[in-house]
Amino acid sequence: MDEVAIAMGMVDELLRIGRENEAKRITAVSLRIGKMSGIVTDSLKFAFDAVKLEHPELLTAEVTINEVPLIYECNDCDKSFEADNFHFPACPECDSYNLTLISGEEQDIENIELEV
Ligand SMILES: [Zn+2]
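Remember, it's a predicted structure, so these values are computed and weren't measured experimentally.

Around the zinc ion, the protein supplies Cys74 (SG), Cys77 (SG), Cys91 (SG) and Cys94 (SG) as donor atoms, at distances of 2.3 Å. For the zinc ion, the four donor atoms in the first shell make angles of 105 to 117° at the metal, so the coordination geometry reads as tetrahedral. Binding-site remark: the zinc ion is held by donors from one chain whose sequence spacing is C-x2-C-x13-C-x2-C. In this pair, cysteine 77 is assigned in the loop between β3 (71-74) and β4 (80-82) and cysteine 94 in the loop between β4 and β5 (99-103), connecting sequence segments 17 residues apart. Look at cysteine 94 and you get partly exposed, because its relative accessible area is 36%.

Okay, here's the thing in structure tokens:
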């Protein structure tokens, strides 16, 4: 996973939102990153801090990364559960492998604070 490319994509998006709102500065940003997105949150934060140096509007923005747990829903008994192991998850209720991933793949901008 290329965290620098992801950070650059997010920065582009943030700058666009900033422009749309005629913001002078972006003061805070929070991101939602799923455990299964393949993104290493520390690397993303590091990349983000490096990329934002190139953009004065973003220079002082505080970046928070919220890690989204891996949640599955069992198609056999409808139980939803949080899994640590995403290689061979099984339902804790009925041991089924017939599961649907509910969350854990997010790579979104959750919130952004602007100074206008
Ligand atoms: Zn089940």
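So that's the structure; there's more coming.
Time to look at unusual backbone geometry. The backbone of glutamate 22 shows a phi angle near 50°, a positive value even though the residue is not glycine. Looking at the secondary structure, you find glutamate 22 in the loop between α1 (3-20) and β1 (25-34). A relative accessible area of 67% places glutamate 22 in the exposed class. We note that aspartate 95 has phi near 65°; this positive angle belongs to a residue other than glycine. In this fold, aspartate 95 is placed in the loop between β4 and β5. On the basis of relative accessible area, aspartate 95 is assigned to the exposed category, the value being 58%.

Parameters at a glance
- Residues numbered from 1 in each chain as written.
- Predicted model: local features only at pLDDT ≥ 70, side-chain atom pairs only at ≥ 80, totals over all residues.
- Heavy atoms only, no water.
- Donors = N, O, S within 2.8 Å, 3.2 Å for Na, K, Ca; no water.
- Tetrahedral: all angles 85-135°; square planar, octahedral: opposite > 155°, others 65-115°.
- Helix = DSSP H or I, 4+ residues; strand = E, 2+ residues; numbered from the N terminus.
- Buried < 20%, exposed > 50% of the residue type's maximum accessible area, 1.4 Å probe, protein only.

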